[in-house]
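Examination of the molecular architecture
Now for the letters of each chain:
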Amino acid sequence: MPTGERGRQRQDSIATVDVPETLPYTAPADGAVDGRLQLLVDGIVRLAAGELSARIEPSDQRDEIDAVITGVNLLAEELGHTHSDLEERVAARTAMLRRTQVELEQMAKTDALTGLANRTLLSERIQDAIGASAQGGSAAAVLVLDLDSFKAINDTMGHSAGDAVLVEVSSRLRSVVRTSDTVARLGGDEFAVLIAGATEEEVVHIAQRAREALQECIHVGSETVWTTASIGICLRNPGHSSEELMRDADIAMYQAKAQGRNRISRFHPDMLDAVRERSRITAELRTAASEGQLALLYQPVIELASGRVAGVEALVRWHHPVHGTIMPDNFIGIAEETGLIVELGRWILHEGISQLSRWKREAPDLTDFRLHINLSAAELLRGDLLQDIRDTLENNDVQPGRLVLEITETVLMSPGAGEEQVLRALRAMGVGLQIDDFGTGYSSISYLRTLPADTVKVDHSLIKDLESDPRQQKFVSAILQLISAAELEAIVEGIETAGQAAELRAMGCLYGQGYYFGRPEPAVDALNRLRAAGQQR
């Protein structure tokens, strides 16, 4: 190859390399200022401006100025390497930060224990499914599942066992849904499933599969446990928000629990109306006592052999300014669920004992009847109950023996250590204790001998066919004999006819209560009844 051609190829290859731009040097004319100084200044200015590729061409003089130029070029070279290194480090750190951000976002939207989606991610996906359904797709459906009796597993086996159960439940839920569905843990023992693009039949089928999967036993170490789930389904037309779908599925789930647990309930708008009504009642009940809307009526307890009024039971009524008189069945249950029963019970206790004190002043000769007041399980656990009863009786000059507290059978049958201590303290104080609604729970004959009570109120359901069914007569008679054998006194409630009263009297029942003897009435009428009964004797 000719020498000239090789030279041209070498020049072409050099031209393709990205080389620093060099400022050319031109020798100054005689007597003129050295042009290298201006080149040096220009080069430094360009380097300072960030042009790290700028270089200054040294001259052939190899003097001090050229030495400075060479130093500046070396510095520019070092700055270029440093800059490239920094760019690589920044790029690597940026990539790492992006990966960390993705991981943090994933952690923020994932349940740490089960690896399922959490509430945040579920809400996002519900919103996406709602958007898709608005474009003509199938309506999104949401299932909310709450494990039944999960608290017992935590309480008896510990939280580690409970966590193991939750992990197994999450695995089973994943196994019964489609790959396009989202299973989420909302917290505690509550889960949810988003089902998008499915028919109503498919949604119900998935809910049934989930319920069946959770009915199988779960092995936790060497132990075997069972847990079922109450499931609520919300399948609504487009136009509802993710919050509304979750709310409605949750309402349906609680309806399933109320129906007996281990059930599936589909949301209906009437359920939401009922929840709103309960919320209204709860809010208004908080101020009912302070606004003077509550009142006590008194129903007589009769000694069957003599007809004497042996006592009166205080029964609360709510005189609502808009809705009129509201019966206890419509608000006592709500009060128990919300905890308002504690303050409501406190008001009933104070008002009832105060009324007994007023009767004592108005009719001092009427001293042989007792006041019956219902006491809920929640009230039995309030820390100041004993002192409150003691102070209220003392402040109203009422003897403890004139007060009878009626406590439901289920509470007395299995009291905790705290409840049992309170019950025995009440007995020691002289307050009467009565087993209420006997025959509606898991009545245990053996418990009758050991319960800290002195009377038993037999539920009205047991005397429904008393006049017409000989078998029921034998059954009620046997119950009364058992109560007597346990050295307790029996009161039968719900007596509505003379025939029922006569049958019970013949069986040796001591006391009765019901519409046959008198309906609940205001304090004034109750006092007149007491006076009339006293005059008859």
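Residues numbered from 1 in each chain as written. Predicted model: local features only at pLDDT ≥ 70, side-chain atom pairs only at ≥ 80, totals over all residues. Heavy atoms only, no water.

**Side note on the overall build of the protein**
Counting secondary structure elements, the protein contains 19 helices and 18 strands. The C-alpha radius of gyration computed for the protein amounts to 43 Å, which surpasses the reference 24 Å derived for 537 residues by more than 25%, pointing to a less compact arrangement than a globule. If one aligns the C-alpha atoms of the protein with their principal axes, the spans along those axes are about 150 × 55 × 50 Å. Buried residues in the protein amount to 44% of all 537 residues. Intrachain contacts of the protein at a sequence separation of at least 6 include 66% that bridge at least 24 residues. Of the roughly 28,600 Å² of accessible surface on the protein, a fraction of 51% belongs to carbon and sulfur atoms. Averaged over its 53 positive side-chain charges, the protein has a centre that lies 5 Å from the centre of its 80 negative ones. (Helix = DSSP H or I, 4+ residues; strand = E, 2+ residues; numbered from the N terminus. Rg over C-alpha atoms; globule rule 2.2 N^0.38 Å. Buried < 20%, exposed > 50% of the residue type's maximum accessible area, 1.4 Å probe, protein only. Contact = heavy atoms within 4.5 Å. Areas by Shrake-Rupley, 256 points an atom, 1.4 Å probe, with all protein chains shown as cover. Lys, Arg positive; Asp, Glu negative; His and termini not counted. Charge placed at Lys NZ, Arg CZ, Asp CG, Glu CD.)

**Concerning the pattern of salt bridges**
By the definition in use, this model includes 31 salt bridges. Residues Asp181 and Arg178 are paired through a salt bridge, measuring 2.7 Å at the closest nitrogen-oxygen approach. Using a relative accessible area of 28% as the deciding quantity, one classes Arg178 as partly exposed. Connected via shared salt-bridge partners are Glu343, Arg346, Arg382, Asp384 and Asp388. (Salt bridge = Lys/Arg side-chain N within 4 Å of Asp/Glu carboxyl O.)

**Digging into helix α13 (residues 385-395)**
Buried within α13 are the following residues: Leu385, Asp388, Ile389, Thr392 and Leu393. Looking down the long axis of α13, one finds its buried residues gathered within 125° of arc, a one-sided arrangement. Counted as exposed and oriented over 90 degrees from the buried face of α13: Glu394 and Asn395. Of the residues trailing α13, Asp397 is marked for its positive phi of about 55°. (Arc of directions from axis to C-beta.)

**Concerning the sheet that holds strand β8 (residues 228-235)**
On the basis of which strands lie adjacent, the open sheet formed by five strands has the order β4-β5-β3-β8-β9 and mixed pairing. On the outer flanks of this sheet lie β4 (182-187) and β9 (264-266), each paired with one strand and no other. Across the sheet, the mean angle from the axis of one strand to that of its neighbour is 20°, orientation sign disregarded. Inspection of the sheet shows strand β3 (residues 141-148) paired to strand β5 (residues 190-195) by six bridges, in the antiparallel sense. (Pairing = 2+ DSSP bridges. Axes fitted to C-alpha atoms, helices over the stretch in contact; angles between N-to-C directions.)

**A closer look at the pairing of strand β11 (residues 309-320)**
Here β11 lies mainly inside the structure; 11 of its 12 residues are buried. Here nine bridges tie strand β10 (residues 294-303) to β11, and the two strands are oriented antiparallel to one another. Residue pairing for β11: Val301 is matched across the bridge by Gly311. Sheet topology note: the β11/strand β13 (residues 370-375) ladder contains three bridges and is parallel. Its bridge partner being in β13, Glu313 is matched across the sheet by His372. Inspection of the sheet shows β11 paired to strand β12 (residues 324-326) by three bridges, in the antiparallel sense. Pairing of Trp318 across the sheet is with Ile326, part of β12.

**Section: the packing of aromatic side chains**
Enumeration according to the criterion identifies four aromatic pairs in this entry. Following the ring pairs from residue to residue traces out a cluster consisting of Tyr298, Trp359 and Phe369. Positioned over the ring face of Phe369 is Arg402, at 4.8 Å from the centre of the ring. (Phe/Tyr/Trp six-rings, centres within 6.5 Å; stacked < 30°, edge-to-face > 60°. Lys NZ or Arg CZ within 6 Å of the ring centre and 35° of its normal.)

**Overview of the environment of Ala196**
Tracing the chain through its elements places Ala196 in the loop between β5 and α7 (200-214). You can call Ala196 partly exposed: its relative accessible area is 29%. In contact with Ala196, other than residues within four places in its own chain, are Ala129, Arg178 and Asp181.

**Details of the packing of helix α8 (residues 242-258) against helix α9 (residues 269-285)**
In the contact formed by α8 and α9, the axes pass within 10 Å of each other and the chain directions differ by 85°. The angle between α8 and α9 falls in the class roughly perpendicular. Listed contacts from α9 to Arg247, Asp248, Ile251, Ala252 and Gln255 of α8 are Met271, Leu272, Val275 and Arg276. Split by residue class, the contact of α8 with α9 holds five nonpolar, one polar and three charged. (Parallel < 35°, antiparallel > 145°, perpendicular 65-115°, else oblique. Nonpolar A, V, L, I, M, F, W, Y, C, P; charged D, E, K, R; others polar.)

**Quick word on unusual backbone geometry**
Here the phi dihedral of Arg62 falls at roughly 55°; this positive angle occurs in a residue that is not glycine. Within the chain, Arg261 stands out as a residue other than glycine whose phi angle is a positive 70°. Looking at the element boundaries, Arg261 is found in the loop between α8 and β9. Judged by relative accessible area, Arg261 falls into the partly exposed class, the value being 41%.

**Looking at the packing of helix α4 (residues 119-134) against α8**
Two numbers describe how α4 lies on α8: the axes approach to 9 Å, and their chain directions differ by 110°. Classed by the angle they form, the pair α4 and α8 counts as roughly perpendicular. The hand of the α4/α8 crossing is right-handed. Across the interface between the two elements, Arg119, Leu122, Ser123, Ile126, Gln127 and Ile130 of α4 pack against Ser242, Leu245 and Met246 of α8. Across the contact of α4 with α8, the residue classes tally to five nonpolar, three polar and one charged. (Left-handed = near helix turned anticlockwise from the far one by under 90°.)

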